[in-house]
Amino acid sequence: MSKVSPPKYAEKLLEWVLHDELAEEVLGDLEEQFYAHADRKGLRRAKRNYWYQTWNYLRPFALKPTKLTNHFSMYRHYFKLSWRALKRQRLYSSIKIGGFALGIAATIFIALFIQEEVSYDQHYKDQDRIFRMINVVDAPDEKSKWSHLQAPIKAVLDSDIPQIEQSARFIAFNWYNAGDNQFRPQGTTQSVYEKGFAYADPELLEILEVPFIYGNATTALAQPNSIVLSKEKADSYFPNQDPVGLQVILNEEEDNAYTIGGVMDIVANTHLQADFLLTLKGKEFWPGEQTSWDSWNYSTYVKLVPGADRQQVEQNLLAIRDTHMAATLSDNGGESAFDLQAHFRFLLQPVNEIYLTPAEELHDSLLHGDRKTVWLFGCVALFILLLACVNFINLSTAKSAMRAKEVGMLKVVGSFRSDLIRQFLAESVLFCVIAFGFALALVALLMPYFNILTGKTLELPWLDFWFLPGFGVLILLVGVISGIYPAFYLSAFRPAEVLKGTVTKGKKSSRLRSGLVVFQFATTIVLIICTVITYRQMDFILNKKLGFEKDRVVLLYGSNTLEEGQQALKDELKRLSHVEQATISEFIPITGATRDQNGFWLAGRRELDKSVGAQKWRVDEDYLQTMGMKLVQGRNFSEAFASDSSAVIINEAMAREFGLDDPLGAKIVNSFEPAYHVIGVVEDFHFESMKGEIRPLCLVLGGEGILMPLRLAGSDVASAMHAVEHVWDQFLPNQAIRYRFMDQEYAHMYDMVQRTSRVFTVFSVLAIIVACLGLFALSAFMVEQRSKEVSIRKVLGASLMQIFGLLTFNFLRLVVLSLVVAIPLGWYLMREWLDTFVYRVTITWDVYVLAGLIALAVALITISGESLKAGVDNPAKRLRSE
Amino acid sequence: MKEQTLGEFEELVLLMVAALHDEAYGVSILEHLEREAGRKANISAIHVALKRLEQKGLVVSRYGGITGDRGGRRKKFYVVTAFGKKALDQQYTVRTSLYKQIPDISFAKG
């Protein structure tokens, strides 16, 4: 029986809100009914009903009347007074509210951005059991991490590691048919260029819980040569139709058609972004590829059995290293196997961390956000909000003289201090409510621009259940935080002193005010420094000598459908006067283009040395000239030498890595082909983002594929492209020409940097505006305070300049002080950011000078208006009242 | 004095108070409403109606003794006042007289 009793909290609530007369009756009746219910329908339903009934009493007739209505009218009174204060001081009020609104709008924007960034991959049912495998090399001379593993690892994971429920491999970078292709449904003739192809094991769909519209995750990729389409692509190729079972052709390979196994509906915020998934089932890219432990191309995902321990699994994975990988390596050489066991291990990366781990860290080719950017923006938002609060505090205390008499009067007629504190808090909350209104309007208005700025599609989540209540809480919080100091400060005045006129006129808090001004300007200066440096880094990236000439290069896509005729097209294009050079190769120095990472050894040392990991790019004789790359040693490929089919040109980094002083004639091998002999050394060129070092790379003959880069002769791009298109149409009348410019593609690589820089610019401008608003109001106040002093000085013969100096000097001193605080901070922050780039600008002193000058100039302009006005005013007018 | 009107539910509760003579309190009214009028109501609705009736002077209340299953709280009993009885009578007369005026013919199917 003891447990059968009405819910305690509901009773408490009722006792608290019901008026006493009613409470006994209601509680009694409810309890009686409760026992009856509990008998008939069970305890749970009875309790639920009790709660339901409780809610029903929260209506006017039942509530305690006296106290609450009293409070209510008090609060109405507070707000009425606040409203009057607000109207009395229009300028200050609008500055307070405007500053607040800007700060809050900025915070909302950034909060939405951050919310989006951290929402990636949080939607899985088995969230904590899904991982991606990473391998780590932590040797004294080599530290690296990457996310691509070998082909046979899947079979081993499935059979040898009992804690792994499922595993799947995934290839998202340009590799064979992954990347981009010419695409058409079977039965049509016109191929369309499509991007977003990736290879995946059938299990990937189940592990990543991909939702399906047609077909299902289990069977969609289970058959060899099956393909899964995204909803968008299915809608555009097969509108209103279930395409499962239909066939599609890639790159005009009629004999190798793919069968559609399903249509998936990938959620927007996941790292897995592909429009076409090709199955890896039964796929072998070259003979022996699927059993080779030497080529690392597969991103590997695992799903652990429930309750499995991540660390334990990581431990168990070492067995793979010690058996399969070591075995291959000991075939190749003892040294490598030893190194492997000492320094190599696997890690499991939780699926929700994939998106925010930058691509440079793990060298995967996925879409990423950046943890650091999220943090940075979060800090910026917080600071701008603080700036706005500071404005409020500063202005409130500065205007204290105005309020002192009011406070004195209220106290004389019997206000308690607590009443006054409440009054002032209500005032700041009122300001806050108005400011939030403006901020929301501002956000709604500027959202499209913000989306352009960040490259996202954010919107205000009006309809989310947390949005409006959350907003209410935020309003109260910000209102109270910014109101609490003024409230205590203002309510502390002694009525006798105040009314006698010996008021301190806000001098007592002038040190605090100065401190807050310093805080505001320091923040602003830090933001200016960040803006300048990110801008410079971007400039550096775009204009750095890259080792190739990115300008005037046109990337022509899709000529691979000509097969044998591709060479003829190239020759024909070269004959044009507009085209200086042309080459056929899919390998270009732009992130995201085709890559082929291989292990190389000097010939004869395969059993002895560790391999040197290097890119192997298949190009043709015209490649170096088209790209504008320079040979520092040796010669280019040439048709004159039949032996050039086994020739190789290496970059300086590779020569260094091999320790070759005179690389010409050296022979190098990888695991697949016969030995290559080095015929030249090409100057190091950037082929990946500047965030990483230039790594070893070599060029061999055998250019083919979708891409044909052309170097244009003159600067008349329009007529050049016209001529190129003319030739193209002769060769491929059924296929529209498609091209891009390499300098644009290159700039694309740094979109994120460019965005960061632009966002900084916007937010530092915002911060400057907020800080200026505050400074302006403060200076206006100061001038007002000292108007008599100024007038007397003028009467005694002070010049305009002297008065101006008198009034501005104090503020300028504060700005200089802020500069001293801000410089080390800005330096530290930006060094951290620049550290993510291997190739970067150095921070020079002129950045600080620039930031300082901007801050000083802005401050001076802000305060000079009011100061000058005081200087030229007729002193008689101001002194007359005495 | 302002014209007093009785809502439909209020009238039902008032009738129940009258019918339960001296035994009418929240839970008993609720149960009888359910049993005899087939009417499901929330206890809060009944309290609202009782408060209104009391304000209009149609019922008066008194506290009864303490019983165990109410957590030591007293019952609040309601009885109809003479004024309340008059209101019921009036309502009854109006209804019966109207009812008697219904012509004895077949009704439209509705």
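Bear in mind that the values here come from a model prediction, so they are computed numbers and not experimental data. (Residues numbered from 1 in each chain as written. Chains lettered and ligands numbered in written order. Predicted model: local features only at pLDDT ≥ 70, side-chain atom pairs only at ≥ 80, totals over all residues.)

### Side note on the overall build of chain B
Thought 1: When helices and strands are counted, chain B shows 4 helices and 2 strands.
Thought 2: Ordered by position from N to C terminus, the α and β elements of chain B give α-α-α-β-β-α.
Thought 3: By residue count, 27% of the 110 residues in chain B fall in the buried class. (Helix = DSSP H or I, 4+ residues; strand = E, 2+ residues; numbered from the N terminus. Buried ≥ 20, exposed ≤ 12 C-beta atoms within 10 Å, placed from the backbone.)

### Regarding the overall build of chain A
Thought 1: A count of helical and extended segments in chain A gives 27 helices and 24 strands.
Thought 2: The proportion of buried residues among the 882 residues of chain A is 40%.
Thought 3: Contacts in chain A between residues at least 24 apart in sequence constitute 82% of all its contacts with a sequence separation of at least 6. (Contact = placed C-beta atoms within 7 Å.)

### Quick notes on the UniProt feature "transmembrane region" (unreviewed entry) in chain A
All names here are of chain A.
Thought 1: If you check UniProt for "transmembrane region" (unreviewed entry), the listed places come out as residues 91-114, 374-395, 424-446, 466-493, 514-535, 759-783, 803-827 and 847-868 in our numbering.
Thought 2: The span residues 466-493 shows a helical share of 89% and a strand share of 0%, and its end C-alpha atoms are spaced 41 Å apart.
Thought 3: Here residues 514-535 runs as 100% helix and 0% strand, with 31 Å between its end C-alpha atoms. (UniProt positions renumbered as here; feature names shortened; annotations may be inferred.)

### Some words on unusual backbone geometry
Residue and element names in this part refer to chain A.
Thought 1: Even without glycine at this site, Asn225 takes up a positive phi of about 60°.
Thought 2: The class of Asn225 is partly exposed, set by 16 C-beta atoms lying within 10 Å.
Thought 3: Even without being glycine, Arg552 reaches a positive phi, approximately 60°.
Thought 4: Of note, Arg552 is situated in the loop between α17 (510-543) and β14 (553-557).

### Regarding the interface of chain A and chain B
Thought 1: The interface is formed by 15 residues belonging to chain A together with 16 residues belonging to chain B.
Thought 2: Listing elements by their share of the side of chain A that touches chain B, those giving two or more residues are α2 (20-41) and α3 (43-56) of chain A.
Thought 3: Here the side of chain A that touches chain B gets 11 residues from one element, more than from any other, and that element is α2(A).
Thought 4: Grouping the amino acids of the side of chain A that touches chain B by side-chain chemistry returns 6 nonpolar, 4 polar and 5 charged. (Nonpolar A, V, L, I, M, F, W, Y, C, P; charged D, E, K, R; others polar.)

### Points about the environment of A:Met627
Residue and element names in this part refer to chain A.
Thought 1: By secondary structure assignment, the location of Met627 is in helix α19 (residues 623-627).
Thought 2: When the 26 C-beta atoms within 10 Å are taken as the criterion, Met627 is described as buried.
Thought 3: As a C-alpha pair, Met627 and Phe548 span 79 residues in sequence and 5.7 Å in three-dimensional space.
Thought 4: Residue contacts for Met627: discarding those within four places in its chain leaves Phe548 and Pro709.

### Examining helix α3 (residues 43-55) of chain B
For the α-helix, the turn length of 3.6 residues means that residues three or four positions removed from each other point alike.
Thought 1: With 13 residues, α3(B) extends 18 Å between its outermost C-alpha atoms, agreeing within 8% with the 18 Å of an ideal straight helix rising 1.5 Å per residue.
Thought 2: Of all the positions in α3(B), only B:Ile43, B:Ser44, B:Ile46, B:His47, B:Ala49, B:Leu50 and B:Leu53 are classed as buried.
Thought 3: Residues of α3(B) that are buried in the fold lie against α2 and α3 of chain A together with α1 (8-19), α2 (26-36), β1 (59-66) and β2 (74-80) of chain B.
Thought 4: Backbone geometry just downstream of α3(B) places B:Gly57 in the positive-phi region, at approximately 80°. (Expected span 1.5 Å × (residues − 1).)

### A closer look at the nonpolar core
Buried together is how nonpolar side chains tend to be arranged in soluble globular proteins.
All names here are of chain A.
Thought 1: Membership of the largest hydrophobic core comes to 92 residues, with the highest contact counts inside it found for Ile104, Ile384, Ala388, Ile525 and Ile529.
Thought 2: Examining the composition of this core, we find that 17 residues originate from one element, helix α23 (residues 751-785), more than from any other.
Thought 3: Those residues in contact with Ile104 that lie beyond four places of it in its chain are Leu385, Ala388, Ala435, Phe436 and Ala439. (Core = buried A, V, L, I, M, F, W, Y, C linked by C-beta atoms within 7 Å.)

### Quick notes on the pairing of strand β21 (residues 676-682) of chain A
Residue and element names in this part refer to chain A.
Thought 1: The buried fraction of β21 is high, at 5 of 7 residues.
Thought 2: The pairing of strand β19 (residues 647-651) with β21 spans 5 bridges and is parallel. By the bridge assignment, Ile650 is partnered in β21 with Val681.
Thought 3: Sheet analysis places strand β20 (residues 667-669) next to β21, joined by 2 bridges and oriented antiparallel. Bridge pairing in β21 links Lys667 to His677. (Pairing = 2+ DSSP bridges.)

### Description of the sheet that holds strand β24 (residues 738-741) of chain A
Remark on secondary structure: sheet strands pair via backbone hydrogen bonds, oriented parallel or antiparallel.
All names here are of chain A.
Thought 1: The strand order β15-β23-β14-β24 describes an open sheet built from 4 strands, whose pairing is antiparallel. Every other strand in the sheet has two partners, leaving β15 (579-582) and β24 as the edge strands with one partner each. Taken pair by pair, the neighbouring strands of this sheet meet at an average axis angle of 30°, ignoring direction.
Thought 2: As paired strands, β14 and strand β23 (residues 707-712) are joined by 5 bridges and run antiparallel to one another. For Val553, the partnering residue across the bridge sits in β23 and is Arg711.
Thought 3: In this fold helix α18 (residues 566-575) packs onto β15 and β23, with an angle of close to 155° to the strand it touches most, β15.
Thought 4: Most of the contacts of helix α22 (residues 742-749) go to β24, to which it runs at about 65°, and overall it touches β14 and β24. (Axes fitted to C-alpha atoms, helices over the stretch in contact; angles between N-to-C directions.)

### Thoughts on the packing of α17(A) against helix α25 (residues 800-834) of chain A
The angle between the axes and the distance between the axes are what describe a pair of packed helices.
Residue and element names in this part refer to chain A.
Thought 1: Across the interface, α17 lies against α25 with an axial gap of 7 Å and an inter-helix angle of 40°. Between α17 and α25, the angle falls in the class oblique. Of the two elements, α17 crosses α25, and the hand of that crossing is right-handed. Counted together, Ser514, Val517, Val518, Phe521, Ala522, Ile525, Val526, Ile529, Cys530, Ile533 and Gln537 of α17 and Leu814, Val815, Leu817, Ser818, Leu819, Val821, Ala822, Leu825, Gly826, Leu829, Met830 and Leu834 of α25 form the full contact between these two elements.
Thought 2: Grouping the amino acids of the contact of α17 with α25 by side-chain chemistry returns 19 nonpolar, 4 polar and no charged. (Parallel < 35°, antiparallel > 145°, perpendicular 65-115°, else oblique. Left-handed = near helix turned anticlockwise from the far one by under 90°.)

### Let's talk about the packing of α1(B) against helix α4 (residues 82-100) of chain B
Residue and element names in this part refer to chain B.
Thought 1: The geometry of α1 relative to α4 is characterised by a closest axis approach of 11 Å and an angle of 120° between their N-to-C directions. Between α1 and α4, the angle falls in the class oblique. Here α1 runs over α4; the crossing is left-handed. On α4, the residues touching Glu11, Leu14, Leu15 and Ala18 of α1 are Gly84, Lys85, Leu88 and Gln91.
Thought 2: Considered class by class, the residues forming the contact of α1 with α4 number 4 nonpolar, 2 polar and 2 charged.

### Thoughts on the confidence of the model for chain A
Thought 1: Mean pLDDT over chain A works out to 84, with 95% of the residues at or above the 70 mark.
Thought 2: The weakest mean pLDDT in chain A belongs to helix α10 (residues 334-343) of chain A at 69; the strongest belongs to strand β8 (residues 226-230) of chain A at 94. (pLDDT = per-residue confidence, 0-100.)

### Points about the confidence of the model for chain B
Thought 1: Residue-level pLDDT values for chain B average 83, and 92% of them are 70 or greater.
Thought 2: For this predicted complex, the interface score ipTM comes out at 0.81, while the overall pTM is 0.66.

### Considerations on the environment of A:Glu406
All names here are of chain A.
Thought 1: One can find Glu406 in helix α13 (residues 400-412).
Thought 2: Glu406 sits in the partly exposed class, given 17 other C-beta atoms within 10 Å.
Thought 3: Considering only alpha carbons, one finds Glu406 and Val498, 92 residues apart in sequence, at a separation of 9.3 Å.

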